[in-house]
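Each chain, letter by letter, is given below.
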Amino acid sequence: MNVYDSGRMADVLAPLGYVLVDAPDEADLVILNTCHIREKAAEKVYSELGRIRPYKLRREAQGDRMVVAVAGCVAQAEGEEIMRRQPLVDMVFGPQAYHRLPELLAKVHRRDGRVLDTDFPVEDKFDRLPKSMGTKGPSAFVTIQEGCDKFCTFCVVPYTRGAEFSRPVDQVMAEVEHLAQAGVREVTLLGQNVNAYHGAAPASHGRDGSWGLGQLIRRVAGIDGIDRIRYTTSHPRDMDERLITAHRDVPELMPYLHLALQSGADRVLEAMNRQHTAESYIELVERVRDARPDLALSSDFIVGFPGETDRDFEDTLSVVRQIGFAQSFSFKYSPRPGTPAADAGNQIPDNIKTERLHALQALLNKQQRDFNDQCVGKTLPVLFEKPGRHDGQIVGRSPYLQAVHVAGPASLLGTIKQIFIEQTAANSLSGRIESQSVATARDVSCSHVATNAV
Ligand code: SAH
Ligand code: SF4
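Residues numbered from 1 in each chain as written. Chains lettered and ligands numbered in written order. Predicted model: local features only at pLDDT ≥ 70, side-chain atom pairs only at ≥ 80, totals over all residues. Heavy atoms only, no water.

Asks: How do you make sense of the site of ligand 1 when you look at a structure like this?
Replies: Close to ligand 1 lie 17 residues, the nearest being Gln192, Gln262, Arg274, Asp300 and Ser334. Here a nitrogen atom of ligand 1 and a backbone polar atom of Gln192 are 2.6 Å apart. In the environment of ligand 1, an oxygen atom lies 2.8 Å from a nitrogen or oxygen atom belonging to the side chain of Arg274. Compared with its free state, where it exposes 550 Å², ligand 1 has 91% of that area covered by protein. Going through the elements one at a time, strand 13 (296-303) and strand 14 (327-332) are the ones with two or more residues in the shell around ligand 1. Along the lines of polarity and charge, the residues of the shell around ligand 1 split into six nonpolar, six polar and five charged. (Near = heavy atom within 4 Å. Polar contact = N/O pair within 3.5 Å; in protein donor to acceptor, adjacent residues only side chain to side chain. Areas by Shrake-Rupley, 256 points an atom, 1.4 Å probe, with all protein chains shown as cover. Helix = DSSP H or I, 4+ residues; strand = E, 2+ residues; numbered from the N terminus. Nonpolar A, V, L, I, M, F, W, Y, C, P; charged D, E, K, R; others polar.)

Structure (structure tokens):
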């Protein structure tokens, strides 16, 4: 979402004459768009500010001004502290203030002072942002939902991104249509809790009530030029029947689902306030796999949550073995100030967290490799997004979100081609172009990791 937000900030600033530059020494304005989800991410802000300092001082010595801004969730959570600790910072503003960026900049320049804006405004920021220019490639993000009301005990999101909010269906449609006209072929619908989406129904339906994600996806699939739809990140509690059947009925919806499990132990899940059990997660996965048998699953895990025993951790490993994930993100529990779990008495020592993380990652990495290996010898439709690192190479994504490298001309960027998969590396596949025809996602599939494969 920060990638999408950064793009929208660039869109807001474009009419003022700002363009993106590659290096800070050329910049009149530097914005650090920050993440507060774990301590490590938050700490990076201060080290990045230290890195920018010499550029700003050099500018000042030349009689110019470089405005330095901190945006995003660290700004939202620690705005005043950033201002106090870092005199070089001119502006601090949270994720709800991006549409006010021109006004904030004007204040900084006019008063030659500093501004802090971490309010949650009542107006709809999306209504006030200019049209999204999207990313340069054929794949774009579109935020459809923000914030969270679930209050998992480890998580800062409800505090930094605020209460759950869904953009109206018509607003989302207009943005995706605009992107499609600009050449975008794949959209990833974004939200901290994207499947809790309940946007105002479109005018064509009398704006009657709200639509869920399943309904929205069916409508987005009808937009000319949109061949692929993805969504992230979803909560197990919000996978309703309509969304599950969209995986069966909508060929544009890619066979990939990110569904955080966090832990395989029910007592940990309860202490996390996740509102589901390991069993109900497994049943849910079975239902989605029934709807779309070649579905690739990805997940998030936290190890070393307060009170997690060896037995609890073993339960996590055993659920992971049972389900089989094509990709995963796993983290050591990081206490976040102001969240209930941070004050729990039974914190887990770091060395145990490290041990558990290594054991879990060994298993998850093996599952990822097995999943990739099963694709060798198959033909997959790949949407080419950018040139590769080597000359004459292009890179795209399979339906299962795997990076795929092939030798091919840059003229294929933005197109979908059938690729015969020849090899796998740690995190990617490589192959050769099989045909020049446009492929659909349903043509061939990799089977998901066998449940007893590991
Ligand atoms: N809304 C999504 C998660 C968004 S946060 C969901 O509920 O599934 C992305 C991931 O960051 C989480 O799934 C979790 O695994 C991780 N995370 C969040 N807070 C964390 C913390 N305090 N320590 C470690 N990992 C954390
Ligand atoms: Fe955070 Fe996700 Fe829980 Fe919301 S549902 S509090 S975003 S982990």
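Back to the text.
Asks: In this structure, what is going on with the confidence of the model for the protein? I would like to understand it.
Replies: As a general rule, the predicted coordinates of low-pLDDT regions are not to be interpreted in detail. Model confidence for the protein is summarised by a mean pLDDT of 92, while 94% of its residues fall at 70 or above. Of the regions scoring below 50 in pLDDT, residues 438-443 engages in 17 contacts with residues more than four places distant in sequence or in other chains. Scored below 50 in pLDDT, residues 449-454 makes 17 contacts in the model with residues more than four places away or belonging to other chains. (pLDDT = per-residue confidence, 0-100. Contact = heavy atoms within 4.5 Å.)

Asks: Help me understand the nonpolar core in this model?
Replies: Most often, soluble globular proteins keep nonpolar side chains buried together rather than apart. In this structure, Val187, Leu189, Leu213 and Tyr231 are the most contacted members of the largest nonpolar core, which totals 55 residues. Broken down by element, the residue count for this core peaks at seven residues, all from helix 11 (residues 278-291). Setting aside chain neighbours within four positions, we find Tyr231 in contact with Thr188, Leu189, Val194, Leu213, Ile217, Met239, Leu243, His247, Leu253 and Leu257. With 20 residues, the next largest nonpolar core counts Phe93, Val115, Leu129 and Leu190 among its residues. (Core = buried A, V, L, I, M, F, W, Y, C linked by side-chain atoms within 4.5 Å. Buried < 20%, exposed > 50% of the residue type's maximum accessible area, 1.4 Å probe, protein only.)

Asks: What is the right way to look at helix 2 (residues 39-61) in this model?
Replies: Residue pairs spaced three or four apart in an α-helix point in one direction, given the helix's 3.6 residues per turn. Its 23 residues place the ends of helix 2 34 Å apart at the C-alpha level, agreeing with the 33 Å of an ideal helix rising 1.5 Å per residue. Most pronounced at Ile52, the bend in helix 2 amounts to some 30 degrees, and the proline Pro54 follows within four residues. Residues of helix 2 that are buried include every one of Ala42, Val45, Tyr46, Leu49, Ile52, Lys56 and Arg59, and no others. The first or second residue beyond helix 2 is Gly63, which carries a positive phi of 80 degrees. (Expected span 1.5 Å × (residues − 1). Bend = angle between axes of the 7 residues up to and from the residue.)

Asks: Is there a simple way to explain the side chain of Gln145 in this structure?
Replies: Along the chain, Gln145 turns up in strand 6 (residues 145-146). For Gln145, a relative accessible area of 0% translates into the label buried. A polar atom in the side chain of Gln145 sits 3.1 Å from the backbone nitrogen of Gln192. Other than its neighbours up to four places away in sequence, Gln145 contacts Met1, Glu164, Phe165, Ser166, Leu190, Gly191, Gln192, Asn193, Val194 and Tyr197.

Asks: Any chance you could explain the environment of Ala69 here in plain terms?
Replies: Among the structural elements, Ala69 can be located in strand 2 (residues 67-71). For Ala69, a relative accessible area of 0% gives the class buried. For the pair Ala69 and Val142, spaced 73 residues apart in the sequence, the C-alpha separation amounts to 24 Å.

Asks: Would you mind going over the sheet that holds strand 5 (residues 139-143) with me for this structure?
Replies: The pairing of strands in a sheet happens through backbone hydrogen bonds and is either parallel or antiparallel. The strand order across the open sheet formed by three strands is 5-8-11, and the pairing between neighbours is parallel. Two strands bound the open sheet, and with one partner strand each, they are strand 5 and strand 11 (228-232). Within this sheet the neighbouring strands show an average axis-to-axis angle of 25 degrees, counted without direction. Looking at chain direction, strand 5 and strand 8 (residues 186-190) are connected through five bridges and run parallel. Pairing of Ala140 across the sheet is with Val187, part of strand 8. Packed onto the sheet, helix 7 (residues 169-181) meets strand 5 and strand 8 and runs at close to 165 degrees relative to strand 5. (Pairing = 2+ DSSP bridges. Axes fitted to C-alpha atoms, helices over the stretch in contact; angles between N-to-C directions.)

Asks: Sorry, what's going on with unusual backbone geometry here?
Replies: Across residues other than glycine, the phi torsion is negative in most instances, and most of the peptide bonds are trans. Along the chain, Thr232 connects to Thr233 via a cis peptide bond; the corresponding omega equals 10 degrees. Checked against the element boundaries, Thr233 lands in the loop between strand 11 and helix 9 (241-249). The backbone of Gln262 sits at a positive phi, close to 70 degrees, despite the residue not being glycine. Take Gln262: it is sitting in the loop between strand 12 (256-258) and helix 10 (266-272). Among the residues examined, Gln262 registers a relative accessible area of 6% and is labelled buried. Here Asn273, not a glycine, exhibits a phi torsion of approximately 65 degrees, which is positive. Given a relative accessible area of 28%, Asn273 falls into the partly exposed group.

Asks: Got a minute to help me understand helix 11 in this structure?
Replies: Compared with the 20 Å implied by 1.5 Å per residue over 14 residues, the 20 Å span of helix 11 between its first and last C-alpha is a close match. Every buried residue belonging to helix 11 is among Ala278, Tyr281, Ile282, Leu284, Val285, Val288, Arg289 and Ala291, and all of these are buried. Looking at the buried residues of helix 11, the elements they touch are helix 9, strand 12, helix 10, strand 13 and helix 12 (310-323).

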